[in-house]
Amino acid sequence: MNLQKKTITRYRQFFPGETLRETSSRTGIQITRIFRLFGGKTMKVTEMEAFEKVVSDRIAESPNFSRLNEVLEEASALLTNEELGNLTAYVKRKLVAKSYSRMYIRQTFNDAIIA
Amino acid sequence: MKGLSSLERIVLECLGKNTLTYEEIQGQSGLHENVCFNILQALIIRSILTTDGVRYRMSENLSPLMLEEINGMDAKIAESLEMIEAVVENKGQRVFRFQKIAMDTRDEKIFLAMLSNLESFLIDAHKKAQSSVPLKERKVVFWGVGEVQSLMNQIVMGN
């Protein structure tokens, strides 16, 4: 997956089921441009930064996220491979349970238009 | 994810060897409609379930590798922890006791005998009511005992 696709996928994880109009107003990018970007048109650096900023602002709303990152870095240095595996499995289970209760995240261009 | 989440397991337990509709599975499991539907789709994608579009059933040709993944020790431990965590964090009518008890050898023997009686009682109760009580109304019961020193060592060693 290239960086642009990753950025859009990550954005959609944070804002699932959002319409093009909502994405446009959140990022400040014109709706027709969002339409093209979701269709695979190459992003400009400023547009990528706009998506990244929205995501990082959302992350900043939960201060525990940076704590989690710090702890994970420490864990990767101190814990054994088996312990890291257990931690990963634990977090993964939380994510799977959460994903069942969330709306389906629309990944494709056509679905985004319908939304 | 390896193994099954406890949500997925509930759906499989509802099905057992039967063929059920979505409404029947949802009614028996007590899962929210969306959640139930999403789990069914996920299990179909993993080839654990099959469907004719209306009714769902367990796949008959699950590979030994898949069976091990579903029923293996790692999967069971992870599921148990998930359920225990849910009980501990339950904000409703929670029954949960956790204590460090001083027991002499005699009392320890009595306690283990009582646990054995408790287990027999639970097995009988389950046999008696399993056909009439739907899965969603069943109780999650767990117990365990360990010695503080060996548990602490285990925690330090990370096993």
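Treat the numbers as computed from the prediction; the structure is a model and nothing was measured.

## Let's talk about the packing of helix α1 (residues 6-15) of chain B against helix α3 (residues 33-45) of chain B
Residues and elements named next belong to chain B. Two numbers describe how α1 lies on α3: the axes approach to 10 Å, and their chain directions differ by 85°. The angle between the axes of α1 and α3 places the two elements in the roughly perpendicular class. Along its contact with α1, which presents Leu-7, Glu-8 and Val-11, the element α3 presents Val-35, Ile-39, Leu-40 and Leu-43. Per-class residue counts for the contact of α1 with α3 are six nonpolar, no polar and one charged.

## Considering the domain arrangement of chain B
When its domains are assigned, chain B resolves into domain 1 (6-71) and domain 2 (97-157). Taking the mean C-alpha position of each, domain 1 of chain B and domain 2 of chain B sit 29 Å from one another.

## Quick look at the packing of α1 of chain B against helix α2 (residues 22-29) of chain B
Residue and element names in this part refer to chain B. In the contact formed by α1 and α2, the axes pass within 9 Å of each other and the chain directions differ by 115°. Between α1 and α2, the interaxial angle falls into the category roughly perpendicular. Our pair here, α1 against α2, has a crossing hand that is right-handed. Counted together, Ile-10, Val-11, Cys-14 and Leu-15 of α1 and Ile-25, Gln-28 and Ser-29 of α2 form the full contact between these two elements. When grouped by side-chain class, the residues that make up the contact of α1 with α2 number five nonpolar, two polar and no charged.

## Overview of the interface of chain A and chain B
Chain A puts ten residues into the contact, and the matching count from chain B is ten residues. Here the side of chain A that touches chain B is composed, by residue class, of five nonpolar, two polar and three charged.

## Remarks on the sheet that holds strand β2 (residues 49-51) of chain B
Residues and elements named next belong to chain B. Across the sheet, which stays open at both edges, the three strands sit in the order β1-β3-β2 with antiparallel pairing between neighbours. Edge strands, defined here as strands with exactly one partner in the open sheet, are β1 (20-21) and β2. In terms of strand pairing, β2 meets strand β3 (residues 55-58) through three bridges, oriented antiparallel. Across the sheet, the residue bridging to Thr-51 is Tyr-56, located in β3. The sheet strands contacting α1 are β1 and β3, and the helix crosses β3 at an angle near 100°.

Conventions used here
Residues numbered from 1 in each chain as written. Chains lettered and ligands numbered in written order. Predicted model: local features only at pLDDT ≥ 70, side-chain atom pairs only at ≥ 80, totals over all residues. Axes fitted to C-alpha atoms, helices over the stretch in contact; angles between N-to-C directions. Helix = DSSP H or I, 4+ residues; strand = E, 2+ residues; numbered from the N terminus. Parallel < 35°, antiparallel > 145°, perpendicular 65-115°, else oblique. Contact = placed C-beta atoms within 7 Å. Nonpolar A, V, L, I, M, F, W, Y, C, P; charged D, E, K, R; others polar. Domains from an automatic or database assignment. Left-handed = near helix turned anticlockwise from the far one by under 90°. Pairing = 2+ DSSP bridges.

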